[in-house]
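Working through the structure, step by step
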Amino acid sequence: MPDVWETLKRFGRTAFRDQRGGVALPFAMAVGGLALGSSVVVDYSIASTQRARLQGIADASVLAAVREFRLGNASSNIIIQAAQNHANAALAGSKEAVVITPTVDLANRSVTVRLSSSATSFFSGVTGRSATNIATTATAKMVGGAPVCVIGLDQQANTTIEMDKSARLNAPECSIYSNSKKPNGLVARNSAVMKAAFICSAGGKSSPGPGSFLPEPKTDCPAIPDPLAQRKQPTASSCTATAMVVNGAMLSLSPGTYCGGLTLTGAARVTFSPGVFIFKDGPLVVTGGATLEGTNVGLHFTGNGATMKFDPASTISLTAPKSGDMAGLLISEDRAAPLGQQFDILSNDARTLLGTIYLPQGRLHIGANGAVADKSAYTVVVARRFTLSEGPTMVLNTNYGATDIPVPAGVGPSGQSMLTQ
């Protein structure tokens, strides 16, 4: 860019010396105006690029720092150092002088990082400015002080998390979040009760009165992005079986792709061998007093009609894989699945559901008349919508150290950090 300026100056000097035709002054004025306009545009572009880069570093640094709140001994000095270390690493090799200013609000569990620098003007002789001051700011906070065990993802649904009749949701040591921004995004009707360490709604909440939520939810919370959105999904292979029905038999099934659905009925007793079971274009149904059990198994649903239904008389006992694509994921749904498909757990004997239930497009409905998941070391629910009705008592334990099945990053003890500014 300096070469362009020098070229324009040379044209100007030549024009002033050339008095023929009386064009020297007009030409010089035109060149001057062009040079001034060009200098402003170029300087603005340089400053904008530098500001965007610093904003990215500020965002990443504040997220790195706020995660220190997960530590029991987190202090302002530790958090500030984390922010500075991350920013310095991102700026390594850069010749620009950047001032890093982190601040910590321990009470609100938030961190702010301000980065300031200057962009050198290539046209200081024209604009009269040698540099442009640049400052970017990012703020993030750790949401809730307890592990995350429920996230209702849908931000537009009128009721993203809904409880009705005498349903109970007991999560005494973890946090429940509804992303719905609607006034009734989080709902407890009739005599339903939700109990957790922390309850939060991006919009509002609705209940018949005190005691429906313990504690009362905080409202207008930031929505939590899908923490599992980047998880690799299992890939369906050729069909292991098609529209398979197991009626009254006792057998073991191997991992694979079950096309068109799988139905267990007639008091069948079926064991899933360890591995990933993919249900493509059809449901998994356990009915007629059948039993389904499996250790270190993942159930993945893909395609139209790929849902799940555990009927009331069924018996269910399942734990998630310890490794592989579905490590820690007990039930998962393809992110390209049709919107709003329903997954029903109506079983009155589904007391071991160890792992994470992940339904980014679907609705998880718990409609049992007994305890659900209470014998699991931990259970996490991340679903587009989550509803409970009838008389279930779903228990979300947080005994992470009691199992070698990992908890997916972003839920469980890792907590949630998010940008708020």
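Read on for an overview of the structure. (Residues numbered from 1 in each chain as written. Predicted model: local features only at pLDDT ≥ 70, side-chain atom pairs only at ≥ 80, totals over all residues. Heavy atoms only, no water.)

To continue, consider the state of the cysteines. Disulfides are covalent bonds that link the sulfur atoms of two cysteine residues. For the structure on display, the rule yields three disulfides. There is a disulfide in this structure between C200 and C221, and the S-S distance comes to 1.5 Å. Here the disulfide of C200 and C221 is left-handed, its torsion about the S-S bond being about -80°. Of the two residues, C200 sits in strand β8 (residues 193-201) while C221 sits in the loop between β11 (218-219) and β12 (239-247), which places them 21 residues apart along the sequence. Judged by its relative accessible area of 12%, C221 is buried. At a sulfur-sulfur separation of 2.0 Å, the disulfide partner of C239 is C259. Taking the torsion about the sulfur-sulfur bond, which here is approximately -90°, the covalent link between C239 and C259 counts as left-handed. Of the two residues, C239 is situated in strand β12 and C259 in strand β14 (residues 256-265); the sequence distance between them amounts to 20 residues. (Disulfide = S-S within 2.5 Å. Helix = DSSP H or I, 4+ residues; strand = E, 2+ residues; numbered from the N terminus. Buried < 20%, exposed > 50% of the residue type's maximum accessible area, 1.4 Å probe, protein only.)

Here we take up the nonpolar core. Core analysis: the largest hydrophobic core is formed by 79 residues, its most contacted members being F272, L292, I345, L364 and F386. The element contributing the most residues to this core is strand β24 (residues 349-366), with eight residues. Residue contacts for I345: discarding those within four places in its chain leaves M308, F310, A350, L353, I357, L364, H365, I366, G367, A368 and V372. Judged by nonpolar contacts, the second largest core, of 22 residues, contains A65, V98, L115 and A138. (Core = buried A, V, L, I, M, F, W, Y, C linked by side-chain atoms within 4.5 Å. Contact = heavy atoms within 4.5 Å.)

Now for helix α3 (residues 76-91). In this model, α3 (16 residues) spans 22 Å end to end at C-alpha, consistent with the 22 Å of a helix rising 1.5 Å per residue. Here α3 has its buried residues at I79, A82, A83, A87 and L91. Projected down its long axis, α3 carries its buried residues within an arc of 160°, all on one side. Relative to its buried face, α3 has exposed residues pointing more than 90 degrees away, namely N77 and A89. Following α3 by one or two positions, G93 adopts a phi angle in the positive range, close to 90°. (Expected span 1.5 Å × (residues − 1). Arc of directions from axis to C-beta.)

With that out of the way, let us pick up the packing of aromatic side chains. What the rule picks out here adds up to eight aromatic pairs. Between Y258 and F277, the aromatic rings sit 6.0 Å apart at their centres with planes inclined by 20°, giving stacked as the arrangement. Residue Y258 is located in strand β14, and its partner F277 is located in strand β16 (residues 275-280); the two are separated by 19 residues in the primary sequence. Of the two residues, Y258 and F277, both sit in the buried class. Each ring, one from F279 and one from F301, has its centre 5.2 Å from the other, and the planes form 25°; the classification is stacked. Pair noted here: F279 is in strand β16 and F301 is in strand β19 (residues 297-302), with a separation of 22 residues, a long-range link. According to the relative accessible area criterion, F301 is buried, its value standing at 0%. (Phe/Tyr/Trp six-rings, centres within 6.5 Å; stacked < 30°, edge-to-face > 60°.)

Our next topic: the side chain of S389. You can see S389 is positioned in the loop between β26 (379-388) and β27 (393-395). Residue contacts for S389: discarding those within four places in its chain leaves D164, A167, H365, I366, G367 and A368.

Within the secondary structure, S118 is located in strand β2 (residues 110-120). In the structure, S118 is positioned 16 residues away from I134 in sequence and 5.3 Å away in space, judged by C-alpha atoms.

So far we have only geometry, and geometry alone does not tell us how the molecule works.
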